[in-house]
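# Geometric and topological summary
The primary structure of each chain is shown beneath.
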Amino acid sequence: EGKGLLVSALRDVDTSGNVVGMRFRRGAGGSQPYANAVLLENCRANGNSNWALDYGEGSGLYIRTCDFESNGTVGDVNTGGVIIRDTVDDETGFALIDIDGLWLESNKGHSFRMLPSANSMLKMKSVQVYVQESTRAITIGAIRSATFENILAPSGSAELVCEAELQNYLGNVNVF
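Keep in mind the model is a prediction, meaning the values are calculated, not measured. (Residues numbered from 1 in each chain as written. Predicted model: local features only at pLDDT ≥ 70, side-chain atom pairs only at ≥ 80, totals over all residues. Heavy atoms only, no water.)

This next bit is on the state of the cysteines. Per the counting criterion, the structure on display carries zero disulfides. In this structure Cys43 is a free cysteine whose sulfur lies 4.5 Å from that of Cys66, the closest cysteine sulfur available. According to the relative accessible area criterion, Cys43 is buried, its value standing at 1%. Residue classification places Cys66 among the buried residues on the basis of a relative accessible area of 3%. (Disulfide = S-S within 2.5 Å. Buried < 20%, exposed > 50% of the residue type's maximum accessible area, 1.4 Å probe, protein only.)

And the structure:
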């Protein structure tokens, strides 16, 4: 669990068999900073019963070439691969979630879920949802903007839901 991390990088981290693989929040006591400018690179999360990654109370998350597999609990849509909480834009008034290279395989519940937050921006590039175990592959709530480039969810039950104010689709976005 990372509390109050400012400009931090986690590289080659493996989390397996926990309730939550990685969680980022504001530091304890209210006067501590939010978890801002957090970079996850070449990280793996497997078999965590709640979420592989739970990010809230921060304004900058950067995911590069990570692999999150078999996380969540069957039948529970409040678990899965990645959740971005609605508290991400509380400190600065905006949040940027920037993903380039994310493999989501056999996650239960949601593979990727971003809750509504008025001034959040999402950039997803090179994301693959493979062997989705529910219909909720990627769900994006009402956020400021979302840009998708080369997203693939090759499953008969995969679903991409995006309520963002502005949606840009670049390259290939395939959900089938």
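Mapped onto the elements of the fold, Ser111 is located in strand β11 (residues 110–114). Judged by relative accessible area, which is 1%, Ser111 ranks as buried. Sequence-distant contacts of Ser111, that is, excluding residues within four places in its chain, are made with Gly81, Val82, Leu104, Val129, Gln132, Arg136 and Ala137. (Helix = DSSP H or I, 4+ residues; strand = E, 2+ residues; numbered from the N terminus. Contact = heavy atoms within 4.5 Å.)

Leu40, Phe68, Phe112 and Leu122 are the most contacted members of the largest nonpolar core, which has 38 residues in total. Non-local contacts of Leu40, meaning those with residues more than four positions away in its chain, are made with Leu10, Met22, Phe24, Leu53, Leu61, Tyr62, Ile63, Arg64 and Cys66. (Core = buried A, V, L, I, M, F, W, Y, C linked by side-chain atoms within 4.5 Å.)

Let's shift gears to the sheet that holds strand β15 (residues 160–162). In spatial order, the strands read β1-β4-β7-β9-β11-β13-β15; together these seven strands make up an open sheet with parallel pairing. Each of the sheet's edge strands pairs with one partner strand only, and the pair in question is β1 (2–3) and β15. Across four bridges, strand β7 (residues 51–55) lies against strand β9 (residues 80–84) in parallel orientation. Among the inter-strand pairings, Leu53 is bridged to a residue of β9, identified as Val82. (Pairing = 2+ DSSP bridges.)

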